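# Analysis of the macromolecular model
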Amino acid sequence: MCGICGLVDFSGTPPTEDTLRAMVATLRHRGPDDEGFHVSGPVGLGQTRLSIVDLSAAGHQPMFSDDGRVVLVFNGEIYNFEVLRDRLKSEGAVFHSRCDTEVVLQAYIHWGEAAFAQLDGMFAIALWDGPRQELHLARDRFGIKPLYVARLASGIVFGSEMKALLASQRIDRSLNWHALHEYLYYGNPLGENTHFAGIKRLLAGHRLKLTARGAETKAYWSIADVPPNNDSIDVATEQIRNRLRQAVRDHLIGDVPIGVFLSGGIDSSAMTALASQEYAGRIKTYSVGFDFDKGVNELDKARSVAEQFGTEHEELHLKGGEMGDVIERLVRCHDEPFADAANIPLYLLCEQLGGSIKVILQGDGGDEIFAGYRRYNVLSHERFWRAWAAVSQLLPAQARGGVRYDRMMRFLRAMGQRDPALRYAWLMTMEPCFAPPTNLLTPDARQQLLAHDPFARYREVHAGVAQHDAVQRALYTDCQVLLPDTFLEKVDRSTMAHSVEIRVPMLDNNLTSYVMGLRSDVKVRNREKKWILRKALRGIVPDSILDGAKIGFGVPYAYWLRTSLAGFLRSVVLDSAFTEWGIVDKPKLERAIDDHVRGDRDHGFMLYKLLNLGLWYHTYLCTDSRVAV
């Protein structure tokens, strides 16, 4: 695992080593073990290394071909690198290390751009082909590893995190209004968007080729490539069991100890069960309780799973401490406002580990691949709920209906949308139907946002999955929106801030290519979520876990904003510099805060989004206080 960055400029103003060093310095938390630079002609590449596979100097980056003409920086892990290495050896490739980085390099040398589709893993890749004067960037299928790009007049700047791009001093920090509109609905920008107008994400499963003539971006893999799968239940059960076991086995590669975050749920228990059987040693497991979870946790379940599989188990009991400081640090981790507060416990957990372990397995992706959310069950009865939604159109929206009423009306109004893309887009927002999230903005800001459709990404994704049933559309959409833009973003920043690599076997190529092609009624059946996964895990994971109720735990940010963080909230969002920025309507915002603190209305999510926005503004945009990143 690493941090990568680079700059290519064909204008005759080549990057300097000082610039590359400044960019690399922002990424040292991602790779504290080693760093390297390469500056030649129009290109500069940099990398920081978290050594996991082949800890020797042979894995140093940037890595060069034997003739020095192709240069690579690489962030991630390739789990099928041994298979690919054998294929490449048969084609004449010569290797000088045991690391997967060299396999990526040789794969490009032998197969060109077709190499990216052969990689099973999580990765962000930058390759400079000297003879062709081409830069190639690529990102893994699901966007597990981040990669940001900013186009220059005659080149490009890129990096694992936006702070590296900002350190190049070539980035316009102006606000991306489209990203802000999406953020106000969902708590993070979607697709390519970031809050900086000049910085884009490279989409998952995409590659970019840059030459002096310009840049070209294409998908090298998409969900449309997944073939339908009509295997019988018995065959599918056996296939999933075998493929999941192989995925866990592959994700255990490395020359450092590996652990599992064990929450006590189905996915993490499956990781623990299979890892304990496949790992050459005693696997470490970690569970966590927080002083703010009010005892609502699955520590007892996790403890019983750890005991059953004989893991080296550690329970961490963490105190939230000064949450304002934690939230501010997380804004710096993300380099933009990010309102999924689940990054807080993950960040604190990795901070508590204190560098004692480098690699952790998690169950992320299981819900989106195997249908683990309640909405998938609801959508399996879409016609029924759409009929109820038609009736609900006769009911007036109430401004003071309570949280449950708001949630019910938001759901019914979403289901009543004729456009299925818009239906799902509304289903995925937490904002009440009677109060759009732009209500607390100034008239000028609202006018700016009108030019930008906050649901454009959902429309774009839906166009590629429209032929499927409602459940399959939702699964495929979540894999392209919710998973990369929210959950995997959260996991990467919260953990890499403390030099911890998270691996997600549920998103293994071989496993997902099979499961995603299965019919939706195999995944949701008889109102049971993850039906086929539960069946495949019988005899592997204890029945008490497979059949037990899921204990949900939400970070109580709305309560904090009403109590311990109320003063901090006011100091950030009512500060004159922020209000004079022209985004928020100060009188309306003051009333919303007062209503929330008194308990008259729950504005928790909206206020939490504005808190993060305010912290980002003060840190990155305000000329009086912005950090030099």
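Keep in mind that this is a model prediction, so the values were computed, not measured.

Attention now moves to the overall build of the chain. Helix and strand content of the chain: 28 helices and 17 strands. Here the C-alpha radius of gyration of the chain, 24 Å, is about what a compact globule of 629 residues would show, namely 25 Å. Expressed as lengths along the three principal axes of its C-alpha atoms, the size of the chain is roughly 70 × 60 × 45 Å. Split into buried and exposed, the 629 residues of the chain put 61% on the buried side. Once local pairs closer than 6 in sequence are excluded, the contacts in the chain between residues at least 24 apart make up 72%.

Another point: the nonpolar core. The nonpolar side chains of a soluble globular protein tend to be buried, and buried together. Counting residues in each nonpolar core, the largest one holds 194 residues, and the members touching the most others are Ile125, Phe142 and Ile344. Among the elements that make up this core, the one with the highest residue count is helix H28 (residues 604-621) (12 residues). For Phe142, the contacting residues outside a window of four places in its chain are Ala204, Trp221, Ile369, Cys479, Leu483, Pro484, Leu488, Leu507, Thr512 and Met516. Residues Val8, Val43, Val149 and Leu210 belong to the second largest nonpolar core, which totals 18 residues.

A separate point is the pairing of strand E7 (residues 134-139). In terms of burial, E7 is a largely internal element, six of the six residues being buried. By the alternation rule, side chains of E7 split into Glu134, His136 and Ala138 and Leu135, Leu137 and Arg139, which are all buried. Bridge count for strand E6 (residues 121-129) against E7 is six bridges, and the pairing is antiparallel. Across the sheet, the residue bridging to Trp128 is Leu135, located in E7. Two successive antiparallel strands, E6 and E7, enclose a turn made up of four residues, where Gln133 displays a positive phi of approximately 55°. Of the pairings in the sheet, the one linking E7 to strand E11 (residues 206-211) comprises four bridges and is antiparallel in character. Bridge pairing links Ala138 to Arg207 in E11.

The rules behind each value
- Residues numbered from 1 in each chain as written.
- Predicted model: local features only at pLDDT ≥ 70, side-chain atom pairs only at ≥ 80, totals over all residues.
- Heavy atoms only, no water.
- Helix = DSSP H or I, 4+ residues; strand = E, 2+ residues; numbered from the N terminus.
- Rg over C-alpha atoms; globule rule 2.2 N^0.38 Å.
- Buried < 20%, exposed > 50% of the residue type's maximum accessible area, 1.4 Å probe, protein only.
- Contact = heavy atoms within 4.5 Å.
- Core = buried A, V, L, I, M, F, W, Y, C linked by side-chain atoms within 4.5 Å.
- Pairing = 2+ DSSP bridges.

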